[in-house]
Amino acid sequence: MKVNDELFELRGYQCRVRKISSSVREPWYCGYVRLKNEPEFNVKNIRVHGGITYEEIESDGLWIGFDCAHYGESILFQNRAYVIVEISSMIDQIEGANK
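First, a word on scope: everything that follows refers to the structure included in this document. (Residues numbered from 1 in each chain as written. Predicted model: local features only at pLDDT ≥ 70, side-chain atom pairs only at ≥ 80, totals over all residues. Heavy atoms only, no water.)

**Quick look at empty space enclosed by the protein**
Where empty space is left in the structure can be found by rolling a water-sized probe over the atoms.
Here is step 1 of the chain: This structure, assessed with the given rule, holds 1 cavity of 30 Å³ or more.
Here is step 2 of the chain: Taken as a whole, the largest cavity holds about 30 Å³ of empty space.
Here is step 3 of the chain: Taken together, Arg 25, Pro 27, Trp 28, Tyr 29, Cys 68, Glu 73, Ser 74, Ile 75 and Gln 78 form the lining of the largest cavity.
Here is step 4 of the chain: Residues that form the lining of the largest cavity fall into these classes: 5 nonpolar, 2 polar and 2 charged. (1 Å grid on protein atoms, 1.4 Å probe; cavity = no way out; pocket = protein on both sides within 12 Å on 5 of 7 lines; lining within 4 Å. Points joined across faces, edges and corners; volume = space filled by probe spheres on them. Nonpolar A, V, L, I, M, F, W, Y, C, P; charged D, E, K, R; others polar.)

**A closer look at the pattern of salt bridges**
Here is step 1 of the chain: If you walk through the whole model with that rule in mind, you get 6 salt bridges.
Here is step 2 of the chain: The partner of Arg 11 in a salt bridge is Asp 92, and the shortest N-O contact between them spans 2.5 Å. Linking Arg 11 in the loop between β1 (2-10) and β2 (13-21) with Asp 92 in helix α1 (residues 80-97), this pair joins segments that are 81 residues apart in sequence.
Here is step 3 of the chain: Overall, Arg 11 belongs to the partly exposed group, its relative accessible area being 39%.
Here is step 4 of the chain: Relative accessible area serves as the criterion here: at 44%, Asp 92 is assigned to the partly exposed category.
Here is step 5 of the chain: For the salt bridge of Arg 16 with Glu 58, the shortest nitrogen-to-oxygen distance reads 3.0 Å. Within this pair, whereas Arg 16 is found in strand β2, its partner Glu 58 is found in strand β4 (residues 54-58), the two being separated by 42 residues in sequence.
Here is step 6 of the chain: Judged by relative accessible area, Arg 16 falls into the buried class, the value being 7%.
Here is step 7 of the chain: Owing to a relative accessible area of 22%, Glu 58 belongs among the partly exposed residues under this scheme.
Here is step 8 of the chain: Through salt bridges with shared partners, a single ionic network connects Arg 11, Asp 92 and Glu 95. (Salt bridge = Lys/Arg side-chain N within 4 Å of Asp/Glu carboxyl O. Helix = DSSP H or I, 4+ residues; strand = E, 2+ residues; numbered from the N terminus. Buried < 20%, exposed > 50% of the residue type's maximum accessible area, 1.4 Å probe, protein only.)

**What to know about the nonpolar core**
Here is step 1 of the chain: Val 33, Ile 46, Ile 64, Ile 87, Met 90 and Ile 94 are the most contacted members of the largest nonpolar core, which totals 20 residues.
Here is step 2 of the chain: The set of elements that each furnish at least two residues to this core consists of β2, β3 (28-34), β5 (61-67) and α1.
Here is step 3 of the chain: Here the element with the most residues in this core is α1; it accounts for 5 residues.
Here is step 4 of the chain: Not counting residues up to four positions away in its chain, the partners in contact with Val 33 are Tyr 13, Gln 14, Cys 15, Leu 62, Trp 63, Ile 64, Ile 87, Met 90, Ile 91 and Ile 94. (Core = buried A, V, L, I, M, F, W, Y, C linked by side-chain atoms within 4.5 Å. Contact = heavy atoms within 4.5 Å.)

**Observations concerning the state of the cysteines**
Should the sulfur atoms of two cysteines be covalently bonded, the bond is a disulfide.
Here is step 1 of the chain: Taken as a whole and assessed by the stated rule, the structure comprises 0 disulfides.
Here is step 2 of the chain: Here Cys 15 stays unpaired: no disulfide links it, and the sulfur of Cys 30, its closest cysteine neighbor, is 14 Å away.
Here is step 3 of the chain: Cysteine Cys 30 remains unbridged, with the sulfur of Cys 68 as its closest cysteine sulfur at 6.9 Å.
Here is step 4 of the chain: The exposure class assigned to Cys 30 is buried, which follows from its relative accessible area of 4%. (Disulfide = S-S within 2.5 Å.)

As structure tokens, this is what we get:
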């Protein structure tokens, strides 16, 4: 399996688009956002493609994310641009919950 990560900042949040390639299926994308110090934030309330499928504390903080590897999905439609729009939506929801 081959993993390519693209790290960037969006509206003050660290973000990651990950493209995963495998020999057994077509490639797929995942999207991630590193949370800041959100008080008592429930990530399960975030509405994003396929729901939150990743919630892990990494060396630089808590990351949440989703994947586009569900049955019937295609990299033609759930592509890099699509994942960035979903990441932006996640940030909208995080910021909305913190108001």
